[in-house]
Amino acid sequence: MTHAPDTPAPDRILAGVALMLGFCVTAPLLDVAAKLASDSVPVGQVTAARFVVQCALMAPLVPLMGLSFRVARAQWSALALRAVFLMVATFCFIAAIAVMPLADALAIAFVSPFIVLLVGKFYLGEDVGPRRVGAALVGFLGVLFVIQPSFAAFGAVALLPLGTAVFFAFYILVTRGLSRRVHPVALQFHTGLIASLICLPILWLADGTGSAMLDPVWPHGMAWAWLIGVGFFAALSHMMMTYALSLAPSATLAPLQYFELPVATLLGYLIFADFPNALALAGIAIIIAAGLYMIHRERVTARRLVTERAAPPI
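Reading guide: rules and limits
Residues numbered from 1 in each chain as written. Predicted model: local features only at pLDDT ≥ 70, side-chain atom pairs only at ≥ 80, totals over all residues. Heavy atoms only, no water. Helix = DSSP H or I, 4+ residues; strand = E, 2+ residues; numbered from the N terminus. Buried < 20%, exposed > 50% of the residue type's maximum accessible area, 1.4 Å probe, protein only. Contact = heavy atoms within 4.5 Å. Areas by Shrake-Rupley, 256 points an atom, 1.4 Å probe, with all protein chains shown as cover. Axes fitted to C-alpha atoms, helices over the stretch in contact; angles between N-to-C directions. Parallel < 35°, antiparallel > 145°, perpendicular 65-115°, else oblique. Left-handed = near helix turned anticlockwise from the far one by under 90°. Nonpolar A, V, L, I, M, F, W, Y, C, P; charged D, E, K, R; others polar. Core = buried A, V, L, I, M, F, W, Y, C linked by side-chain atoms within 4.5 Å. Patch = residues over 30% accessible without salt bridge, like charges linked within 9 Å, V, L, I, M, F, W, Y side chains within 5 Å. Salt bridge = Lys/Arg side-chain N within 4 Å of Asp/Glu carboxyl O. Phe/Tyr/Trp six-rings, centres within 6.5 Å; stacked < 30°, edge-to-face > 60°. Lys NZ or Arg CZ within 6 Å of the ring centre and 35° of its normal.

Caption draft 1: Geometry of the overall build of the protein chain. On a plain count of helices and strands, the protein chain comes out with twelve helices and zero strands. Counting from the amino terminus, helix and strand elements in the protein chain follow one another as α-α-α-α-α-α-α-α-α-α-α-α. Here the protein chain, with 314 residues, has 47% of them falling under the buried criterion. At a minimum sequence separation of 6, the contacts of the protein chain that also span at least 24 residues come to 85%. Total accessible area computed for the protein chain in this model is approximately 15,300 Å², and 71% of it derives from carbon and sulfur atoms.

Right under this line is the structure:
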């Protein structure tokens, strides 16, 4: 049996699914390492470690894979924007999980696909139907369910994952264009490099200021392992996701990303004895259901467009 040239072989799809599930397991480990590190290291320093370690890990891979460090001058502004968006999203999320349960913060951050969809419709003029817009609004309702108990317990810090969602949404939008022109490994390296060049001077200027979030400290003991782990699991998980998308259709992989939420919930319970309350669990369920429905509608729309394009002109 032969496969159409534009249809991935079953073994490639299976590999893509395995890599995406690997992402869902390793990405929460990044969050665990960041939460453990934030006990004794300022949030800004944990954020910087994430990008410094990622840059160091990606640097030798670029020449080993026969890639070039050079980037077209026209792409530098997009690369810088991508790095800034991811850096701010990371800072907001680490600041949130320093005090919040992993699952609560991650569930709130999971509204970023809804933000991407709404920006695409109302700002970029993309064709988005009312059902997907409705699913996005339902997803935001789920976020309110998660935020309410977290806001009561932790105050305004419960809103930080919304900052993560917004900046990560813009990070995704910028990545859409860059991913077609820059190899994933080179993209990871340059993002880590630019973010490091921004983070390190900020920490240097904050040294001695007494800022709880930015004044750097000398890590001790296991804090070194947690800081390295933040960068290691960030690089590993994002490479898994990148290569998964190169092996299998995004429509196949997108629903699997929600597996990250139960993994984060389990790790939060086992390591930190954190577990979402009933209202937060209801919100998480609403977010997952809205996200899966939105993905379903995108599949339906994609199939309809393929059928319309294949139909002979009348």
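Caption draft 2: Representation of the packing of helix α4 (residues 102-109) against helix α11 (residues 260-272) within the structure. Contact geometry of α4 with α11 gives a least axis separation of 8 Å together with a crossing angle of 155 degrees. Considering the angle they form, α4 stands roughly antiparallel to α11. Here α4 runs over α11; the crossing is right-handed. On α11, the residues that touch L102, A103, L106 and A107 of α4 are E260, L261, A264, T265, G268 and F272. A breakdown of the residues in the contact of α4 with α11 according to their chemical character gives seven nonpolar, two polar and one charged.

Caption draft 3: Just helix α5 (residues 112-122), in detail. In terms of burial, α5 is largely enclosed, as eight of its eleven residues are buried. Taken residue by residue, α5 has S112, F114, I115, V116, L117, L118, V119 and G120 as its buried positions.

Caption draft 4: The arrangement of unusual backbone geometry in detail. Positioned with a positive phi, A273 is a non-glycine residue whose angle comes to about 60 degrees. Mapped onto the elements, A273 comes out in the loop between α11 and α12 (278-310).

Caption draft 5: View of the side chain of T191. With respect to the secondary-structure elements, T191 resides in helix α8 (residues 184-206). In this structure T191 touches F51, Q54, R82, A83 and L86, once residues within four positions along its chain are discounted.

Caption draft 6: Inspection of the nonpolar core at higher detail. In this structure, V46, F114, L261 and I287 are the most contacted members of the largest nonpolar core, which totals 56 residues. Of the residues forming this core, the biggest block, seven residues, is contributed by α4.

Caption draft 7: Looking closely at a nonpolar patch on the surface. A contiguous nonpolar patch, built from L266, Y269, L270, I271, F275 and L281 and spanning about 620 Å² of accessible area, is present on the exposed surface. Sorting elements by how many residues they give to the nonpolar patch places α11 first, with four residues. Note that L266 resides in helix α11.

Caption draft 8: Summary view of the packing of aromatic side chains. A full pass over the atoms with the stated rule returns eight aromatic pairs. Seen from their ring centres, F85 and F167 are 6.3 Å apart, and the 45 degrees between their planes marks the pair as tilted. One end of the pair, F85, is in helix α3 (residues 76-97); the other, F167, is in helix α7 (residues 160-178), and 82 residues separate them in sequence. Residue F85 is classed as buried on the basis of its relative accessible area, which comes to 15%. Between F232 and F233, the ring centres sit 5.3 Å apart and the planes meet at 70 degrees, which makes this aromatic pair edge-to-face. Judged by relative accessible area, which is 39%, F232 ranks as partly exposed. By relative accessible area, F233 is classed as partly exposed at 21%. Grouping aromatic residues by their ring pairs yields a cluster made of F85, F167 and F170. For the cation-ring pair, K35 lies above F272, with the distance from its terminal atom to the ring centre recorded as 5.2 Å.

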